[in-house]
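# Structure at a glance
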Amino acid sequence: MDFDLSEELIAVRDLARDFAEKEIAPTAAKDDREHTFRGDLVKKMGDLGFYGSVIPEEFGGTGLGFLAMVLITEEIARVHSAMRVAINMQIGPALTLLQFGSKEQKEKFIPGLVSGDTIGCFAITEPDAGSDVAAMRTSATKQGDDYVLNGGKIWISNGPVTNGGLIYAYTDRAQKHRGMSAFFTDWSASGLTRKSLQTMGAHCSPLGELTLDNFKIPAANRLGNEGDGFKICMWQLNQTRLNCAAGALGVARAAQEAAVNYCNQRSQFGQKIGEFQMNQDLIAQMIGQEEAARLLVYRAAWLADQKKPNNLETSIAKYTAAEAANHAADAAMKILGAYGYSTEFPVERYYRDAKSYQIVEGSSNVQKMIIAQDALGYRKANRA
Ligand code: GRA
C-alpha cells in the first residue's frame, strides 16, 4: 500500500488550493450572503482543468484520474462548499456521456462541460421521487425525431442556469425501472419553466424546479437504448456521490482547522482554550473522523482509477465523510461559541453547508441502506 501522492497529484492539489484561497476565499462570505452564482469562477475552474481530470484528452480533459478529482474537490469545498457543487455539475454529465454516449454525443457535448462553457446539471429528483428514484413520473414520448417530455424535476442543482445536462424520464412506465431512459438536453426548447429554490446552505449553487410541458429533446440525444435510464442513473450517482464525499471531507477539514486555530488564539480563565481537555476531546474526534473519511474517499477514488468496482466503498466514504463534516461543524461551533454562531465568521456557513451532505446524492440513510444490505447479503452494492 502506497500512501504517497505522485508529484503530479501534489501539483494539481496545490493548484486547486491556491486557486481556492486566492480566487474563491476573498468573496466567499459575501457571495454566500448575497446568494451569488459565480459563473466567472466556474469558467476559471474549467480553464484550469478542474472538470477534466476524469475525462481523456481527446474530449478536452487531462485524464489525471479520480484521485485528482477528489483532491481538487476537497480543496475547493474546504474554502467554499457551494463552489464544489459546480464541479459535480460539470463532471457528472461529462462522465456519464463518456460512459454511455455515442461518438457523436461525446464529441458534441463533453468538451463544453469540461471547459465550463456549458453549465451542466443532472435532473433526477422529483417531488415524489427523492431516495426512490424509480418512483419518478416524468414521461418521454417518442414523436417523430424527438421525445416529448412532460412532468417536473425539483431540487436540481444549476437548474436555474444550466444550458446542458442530463434528464431521466420514463419512456415506458409499465416496465417499472426498466422503462426509464436518459437524455442530454441544452434546455433551449420551449415548454420549460424554471423556478429558483432557496435552502439553508450552499447559497452560491443555484437550485431549481424545472417544469416540463411538451418539452422536446431530439431522439439523437438519448443515451444508450430506451430502458437503460435506471442503470445509467445508478452508475452516474456512484460517480457524483464520490464528488460529494470529497466535498464533505473539505468541509470537515475547514471546520477542524477553524477550531484548532481558535483554540490556539482564544484565552479564557487565564489559559488558551485548547488546554481544556473538553476541547481537546472535540479536536481529537474531529481529526480522527476527518482522517478516516479521507482514507475512505481516496480509496474509493483509487479503486475507480484501477477500473475496479467501488459502489460499496463510495457509499461508505460518502456516509462517513458527511457525518464527519456535520460532527466537525457542530464541534467547531461549540468551540467558537458566539464567534461560531455569528454570521461574521465562516463556521456557521460550514455548519449550514455540512447539512447538505447528509441529504444530497443519496441521503446518509440511503448510504447506510446500501452498506448494510450488502453486508447482510440482501443486495450486492458493487457492480462490474
Ligand atoms: O434487477 P434489474 O436487472 O432490473 O437491476 C436492478 C439492479 O441490479 C435495478 O437496478 C440495478 N441497480 C444497479 N445497476 C447498476 C441497482 N443499483 C445499481 C448500480 N449501482 N449500478 C433495480 O435495483 P434496486 O436495488 O431494486 O433499486 P431501488 O431499490 O429502486 O433503488 C436503489 C437505491 C435506493 C440505491 C437508489 O434508488 C438510490 O441510489 N437512491 C438514492 C437517490 C439519489 O442518490 N439521488 C440523488 C439525486 S441528485 C443530487 O442529490 C444532486 C446533488 C448535487 C451535489 O450536491 O453535488
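Right above here is the structure, for reference.
Within each chain, residue numbers correspond to sequence positions counted from 1 in written order. Only residues with pLDDT of at least 70 get local features here, since the model is predicted, and only at 80 or more are side-chain atom pairs given and counted; chain-wide, interface and lining totals rely on the full set of residues. Hydrogens and water molecules were not included; the side-chain quantities draw on all heavy atoms of the structure.

### Observations regarding the site of the ligand
In the vicinity of the ligand there are 26 residues, among which Arg84, His177, Glu361, Arg379 and Arg383 approach most closely. Arg383 has a polar side-chain atom sitting 2.6 Å from an oxygen atom of the ligand. For the accessible areas, the method is Shrake-Rupley and the probe is 1.4 Å, while residue cover comes only from the protein chains on display. When isolated, the ligand has an accessible area of 1100 Å², and the protein chains bury 78% of it. Here a helix means four or more residues in a row that DSSP labels H or I, a strand means two or more in a row labelled E, and each is numbered from the N terminus. Among the elements of the structure, α4 (81-100), α6 (229-265) and α11 (364-376) are those that each provide at least two residues to the shell around the ligand. In terms of residue count, the dominant contributor to the shell around the ligand is α6 (six residues). For the shell around the ligand, the residue count by class is 11 nonpolar, eight polar and seven charged. Throughout, near means a residue has at least one heavy atom within 4 Å of the molecule or strand. Under this definition, polar contacts are N or O atom pairs within 3.5 Å; protein pairs additionally need one hydrogen-donor-capable and one acceptor-capable atom, and for neighbouring residues in sequence, both atoms have to be side-chain atoms. Polarity classes work like this: nonpolar for Ala, Val, Leu, Ile, Met, Phe, Trp, Tyr, Cys and Pro, charged for Asp, Glu, Lys and Arg, and polar for all others, with Gly in that last group.

### Some thoughts on the packing of α6 against helix α7 (residues 277-305)
Two packed helices can be described by the angle between their axes and the distance between those axes. At a minimum axis distance of 9 Å, the contact between α6 and α7 shows a crossing angle of 155°. In terms of orientation, α6 and α7 fall into the roughly antiparallel class. For the pair α6 and α7, the crossing hand works out as left-handed. Between α6 and α7, the contacting residues are Leu242, Ala245, Ala246, Leu249, Ala252, Arg253, Ala255, Gln256, Ala259, Val260 and Cys263 on the first element and Asn279, Ile283, Met286, Ile287, Glu290, Ala293, Arg294, Val297, Tyr298, Ala300 and Ala301 on the second. Looking at side-chain class alone, the contact of α6 with α7 contains 17 nonpolar, two polar and three charged residues. To obtain an axis, a line is fitted to C-alpha atoms, over the contacting stretch when the element is a helix, and the angle between two such axes runs from 0 to 180 degrees between their N-to-C directions. The labels follow the angle: roughly parallel below 35 degrees, roughly antiparallel above 145, roughly perpendicular from 65 to 115, and oblique for the rest. We call a crossing left-handed when the near helix sits turned anticlockwise from the far one by less than a right angle, and right-handed when that turn is clockwise. What makes two residues a contact is simply this: any of their non-hydrogen atoms within 4.5 Å.

### Here we look at the state of the cysteines
The disulfide definition used here is simple: a pair of cysteine sulfur atoms within 2.5 Å. Within the structure shown, the criterion is met by zero disulfides. Free of any disulfide, Cys244 has its nearest cysteine sulfur in Cys233, 13 Å distant.

### Quick word on the pairing of strand β7 (residues 207-218)
For two strands to count as paired, DSSP must find a minimum of two bridges between them. Across nine bridges, the pairing between strand β3 (residues 146-157) and β7 is antiparallel. Opposite Gly152, over in β7, you have Thr211 as the bridge partner. Note: strand β6 (residues 192-197) against β7, six bridges, orientation antiparallel. By the bridge assignment for β7, Leu197 is matched with Leu207.

### Focus on the side chain of Arg352
On the secondary structure map, Arg352 appears in helix α10 (residues 347-356). Burial classes: relative accessible area under 20% of the type maximum marks a residue as buried, over 50% as exposed, and values in between as partly exposed (1.4 Å probe, protein chains only). Assessed through its relative accessible area of 13%, Arg352 is described here as buried. Within polar-contact distance, the side chain of Arg352 engages the side chain of Glu348 at 2.9 Å. Setting aside residues up to four positions removed in sequence, Arg352 forms contacts with Asp32, Met200, Gly201 and His203.

### What to know about unusual backbone geometry
Most of the time, phi is negative for any residue but glycine, and the peptide bond is trans. Its identity as a non-glycine residue notwithstanding, His35 has a phi of 55°, on the positive side. Residue placement: His35 occurs in the loop between α1 (7-34) and α2 (39-47). With phi around 55°, Phe269 is a residue other than glycine that occupies positive phi space. In this structure, Phe269 sits in the loop between β9 (267-268) and β10 (271-272). Residue classification places Phe269 among the exposed residues on the basis of a relative accessible area of 78%.

### Examining the pattern of salt bridges
Each salt bridge in this description consists of a side-chain nitrogen of Lys or Arg and a carboxyl oxygen of Asp or Glu lying within 4 Å of one another. By the definition in use, this model includes 24 salt bridges. The partner of Asp117 in a salt bridge is Lys43, and the shortest N-O contact between them spans 3.4 Å. Pair noted here: Asp117 is in the loop between α5 (103-115) and β1 (122-123) and Lys43 is in helix α2, with a separation of 74 residues, a long-range link. Taking relative accessible area as the criterion, Lys43 reaches 25% and is therefore assigned partly exposed. Among the ionic contacts, a cluster of salt bridges with common partners joins Arg17, Glu21, Glu74, Glu75, Arg78, Arg253, Glu257, Glu290, Glu291 and Arg294.

### Digging into the environment of Ser188
Turning to its location among the elements, Ser188 is positioned in the loop between β5 (180-185) and β6. The class for Ser188 is exposed, based on a relative accessible area of 58%. Between the C-alpha atom of Ser188 and that of Met369, which follows or precedes it by 181 residues, the distance is 38 Å. Within the structure, the side chain of Ser188 is placed 2.7 Å from the side chain of Asp186, a separation counted as a polar contact.

### What to know about the environment of Glu107
Relative to the helices and strands, Glu107 is located in helix α5. Glu107 sits 48 residues away from Trp155 along the chain, and the two C-alpha atoms are 29 Å apart.

### Side note on the nonpolar core
In this structure, Met45, Val70, Ile76, Tyr168, Val297 and Ile335 are the most contacted members of the largest nonpolar core, which totals 95 residues. In terms of residues, this core owes the most to one element, α6, which gives 18 residues. Residues Ile167, Trp187, Leu212 and Ala219 belong to the second largest nonpolar core, which totals 16 residues. What is meant by a nonpolar core is a set of buried Ala, Val, Leu, Ile, Met, Phe, Trp, Tyr and Cys residues, joined one to another through side-chain atoms within 4.5 Å.

### Points about a positive patch on the surface
Residues form patches when they are more than 30% accessible in relative terms and have no salt bridge. Like charges link within 9 Å. Nonpolar side chains (Val, Leu, Ile, Met, Phe, Trp, Tyr) link within 5 Å. In this tally, Lys and Arg are treated as positive and Asp and Glu as negative; His is ignored, and so are the chain termini. Taken as the charge location is NZ of Lys, CZ of Arg, CG of Asp or CD of Glu. A contiguous patch of positive charge on the surface is contributed by Arg178, Lys231, Arg379 and Arg383. With a relative accessible area of 63%, Arg178 lands in the exposed category.

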